[in-house]
Amino acid sequence: MGIKTALPAAELGLYSLVLSGALAYAGRGLLEASQGGAHRRAFRESVRPGWEYIGRKMDVADFEWVMWFTSFRNAIIFALSGHVLFAKLCTMVAPQLRSWMYAAYGALAVVGTMGPWYLLLLLGHCVGLYVVSLLRQPWLCLGLGLASLASFKLDPLISWQSGFVTGTFDLQEVLFHGGSGFTVLRCTSFALESCAHPDRRYSLADLLKYNFYLPFFFFGPIMTFDRFHAQVEPVRREGELWRIRAQAGLSVVAIVAVDIFFHFFYILTIPSDLKFASRLPDSALAGLAYSNLVYDWVKAAVLFGVVNTVARLDHLDPPRPPKCITALYVFAETHFDRGINDWLCRYVYDHVGGEHSAVIPELGATVATFAITTLWLGPCDTVYLWSCLNCFGLNFELWVQKLAEWGPLARIEVSKEGLGLGCLGHWRGWHYCSLESSSHTWLPVQNFLTITPLRVVGQWLPLWVPGAPFPSAGSGGTRAWLCCSGPALSPEFSFPSFNNEGELSGDSQGHRHIPRTQVAT
């Protein structure tokens, strides 16, 4: 039930004005709360001196953001700069060896970061899936891929395999889950594409060049093998360099803007002090929840923006960053990681659901898709809840579409069109909107319940529901965003991996949403 007609400029302006006014009103209360709580004892751990030029303390509660742009900033810049430099040298000297250079540099980076035994572990998974791909049995390739993924998500195998990592450092868990999870997805993509195209002879070298491409290795996004293999040759589109510069500039601006924002709005620290938060007006609480949701999107956009800039320099066309949640009006577009979304749609969702126009096949497709997504994120109560809400939301949209096509309603619209009163163009969008509003309402509900860094029952409800119990001091949890997008879907943004108690081990970005790829008009 896609709405193809653009809204009038005047109407869009009105919506923007209303939204801006609401955000300004909520932001004022949030700013006052941040100023008033800056010196509270509960804020000492996460509100620390910031930029000297601003003269204010800064919210540093998000440890992933702090690590990326302070502790490990130089290491990340060094690794990506080295990749770009060697790629350029290889292009000038021996362009036919570019893809080999990518693989060699990526493998050396993995060895230097995680140790040689971790590299051998991943090579074992790669070889296993390559051998199975030679049998040309898609179900066997997918089954072994899921078994490999489960080995990195469930004990005791995850504990045993994590022992292959050399040394101990802050980002070890993030890099372990990211590199392992994305490796399994890439190898599974390779195996399934080999089965889908038996006339094409892909070698183990093709798989290694695909898997060890450094910009995508640890944090994604993931490109399916067919797209990567077709784009790996150096062909640059007209105007691409300008777009690369623009993307790099936007990423830098976003990083600086977020850091400045954290000097004035302590959106990550305030929720940790429930007594203080409970005294905030409802408008400030709404702004706090909205800010956390948008921040998760900004985090994903910045991470993918940096990686995608490097990939575009290598003549690749990587998945785009996620769409801002404020601009969403269709539940099926609420995915954070377009790469994971494309992978699941190509190999599971579209394969099972077909045209996505029948209720039962669509139900089977969404259940299968979110079962795999649950495994990717790491099974726990929070992920079960998130998967069920998303699964219901996608099916509910189809049910609403079927209701709009139901005989009596369809005949009413047809009769109006016969009288020249039909809901054409823009007005048809309003008609659809009235039916879609219930399913779209599920979008912020499920995001609020599962994506925000707070635990709903334990931390948000006491702020709005009188009498709801406050959690004990130890019942909270740090934001966990872990890996980039990925797989552990954990938000994985990381790589999220949830522990056995259902707490994120990283930060909460990763909940990826799987959208329908076809929508009836």
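Residues numbered from 1 in each chain as written. Predicted model: local features only at pLDDT ≥ 70, side-chain atom pairs only at ≥ 80, totals over all residues. Heavy atoms only, no water.

- By the naming in an unreviewed UniProt entry, the protein chain is Protein-cysteine N-palmitoyltransferase HHAT-like protein isoform X2, taken from Balaenoptera musculus.
- Per its UniProt entry, the protein chain bears the Subcellular location (unreviewed entry) comment "Endoplasmic reticulum membrane".
- A UniProt comment under Sequence similarities (unreviewed entry) is attached to the protein chain, and it reads "Belongs to the membrane-bound acyltransferase family. HHAT subfamily." (UniProt positions renumbered as here; feature names shortened; annotations may be inferred.)

## Things to note about the overall build of the protein chain
Here comes step 1: Tallying secondary structure elements over the protein chain gives 21 helices and two strands in all.
Here comes step 2: Within the protein chain, the proportion of its 521 residues that are buried is 52%.
Here comes step 3: Considering only residue pairs separated by 6 or more positions, the protein chain has 72% of its internal contacts joining residues 24 or more positions apart. (Helix = DSSP H or I, 4+ residues; strand = E, 2+ residues; numbered from the N terminus. Buried < 20%, exposed > 50% of the residue type's maximum accessible area, 1.4 Å probe, protein only. Contact = heavy atoms within 4.5 Å.)

## Some words on the pattern of salt bridges
Here comes step 1: Inspection of the entire model under this criterion finds nine salt bridges.
Here comes step 2: A salt bridge links Arg-48 to Glu-45; the shortest N-O distance between them is 3.9 Å.
Here comes step 3: Across the pair Lys-209 and Asp-206 runs a salt bridge whose closest N-O atoms are separated by 3.9 Å. Pair noted here: Lys-209 and Asp-206 are both in helix 9 (residues 204-211), with a separation of three residues, about one helical turn. In this pair, the class of Lys-209 matches that of Asp-206, namely buried. (Salt bridge = Lys/Arg side-chain N within 4 Å of Asp/Glu carboxyl O.)

## Details of a nonpolar patch on the surface
Here comes step 1: On the surface, Leu-12, Leu-14, Tyr-15, Leu-17 and Val-18 cluster together to form a nonpolar patch covering roughly 490 Å² of accessible area.
Here comes step 2: Secondary-structure assignment places Val-18 in helix 1 (residues 9-37).
Here comes step 3: The class of Val-18 is exposed, set by a relative accessible area of 54%. (Patch = residues over 30% accessible without salt bridge, like charges linked within 9 Å, V, L, I, M, F, W, Y side chains within 5 Å. Areas by Shrake-Rupley, 256 points an atom, 1.4 Å probe, with all protein chains shown as cover.)

## Observations regarding the side chain of Lys-299
Here comes step 1: Relative to the helices and strands, Lys-299 resides in helix 14 (residues 282-313).
Here comes step 2: Residue classification places Lys-299 among the buried residues on the basis of a relative accessible area of 0%.
Here comes step 3: Engagement of the side chain of Lys-299 in a polar contact is seen with the side chain of Asp-62, the distance being 2.5 Å. (Polar contact = N/O pair within 3.5 Å; in protein donor to acceptor, adjacent residues only side chain to side chain.)

## Observations concerning the packing of aromatic side chains
Each aromatic ring pair is described using two quantities: the centre-to-centre distance and the angle formed by the ring planes.
Here comes step 1: Applying the stated rule across the entire model yields 27 aromatic pairs.
Here comes step 2: A centroid spacing of 5.8 Å and a plane angle of 75° characterise the contact between Phe-370 and Trp-386, whose relative ring orientation is edge-to-face. Placement of Phe-370 in helix 16 (residues 359-377) and of Trp-386 in helix 17 (residues 381-404) is noted, with a sequence separation of 16 residues between them. For the pair shown, Phe-370 and Trp-386 are each scored as buried.
Here comes step 3: Ring pairs connect the aromatic residues Tyr-102, Tyr-130, Phe-190, Tyr-202, Tyr-210, Tyr-213, Phe-216, Phe-225 and Phe-228, which therefore count as one cluster.
Here comes step 4: A cation over an aromatic ring shows up here: Lys-153 above the ring of Trp-376, its NZ or CZ 5.1 Å from the ring centre. (Phe/Tyr/Trp six-rings, centres within 6.5 Å; stacked < 30°, edge-to-face > 60°. Lys NZ or Arg CZ within 6 Å of the ring centre and 35° of its normal.)

## A look at helix 9
Because an α-helix packs 3.6 residues into every turn, residues spaced three or four apart end up facing the same way.
Here comes step 1: Buried within helix 9 are the following residues: Asp-206, Leu-207, Lys-209, Tyr-210 and Asn-211.
Here comes step 2: Close packing links the buried residues of helix 9 with helix 4 (98-114), helix 5 (116-133), helix 8 (172-196), helix 10 (214-217) and helix 11 (225-231).

## Here we look at the packing of helix 1 against helix 14
Here comes step 1: Where helix 1 contacts helix 14, the axes come no closer than 8 Å and their chain directions differ by 100°. When the axes of helix 1 and helix 14 are compared, the pair comes out roughly perpendicular. Residue-level contacts link Leu-23, Tyr-25, Ala-26, Gly-29 and Leu-30 of helix 1 to Ser-283, Ala-284, Gly-287, Leu-288, Tyr-290 and Ser-291 of helix 14.
Here comes step 2: Class assignment for the residues of the contact of helix 1 with helix 14 results in seven nonpolar, four polar and no charged. (Axes fitted to C-alpha atoms, helices over the stretch in contact; angles between N-to-C directions. Parallel < 35°, antiparallel > 145°, perpendicular 65-115°, else oblique. Nonpolar A, V, L, I, M, F, W, Y, C, P; charged D, E, K, R; others polar.)

## Quick look at the nonpolar core
Nonpolar side chains tend toward joint burial in soluble globular proteins.
Here comes step 1: Ranked by size, the top nonpolar core spans 104 residues in total, and within it Tyr-118, Phe-218, Ile-267 and Ile-270 carry the most contacts.
Here comes step 2: At 13 residues, the largest contribution of residues to this core is made by helix 14.
Here comes step 3: Contacts of Ile-267, omitting those with residues within four sequence positions, involve Leu-30, Asp-59, Phe-261, Phe-262, Leu-288, Ser-291, Asn-292 and Tyr-295. (Core = buried A, V, L, I, M, F, W, Y, C linked by side-chain atoms within 4.5 Å.)

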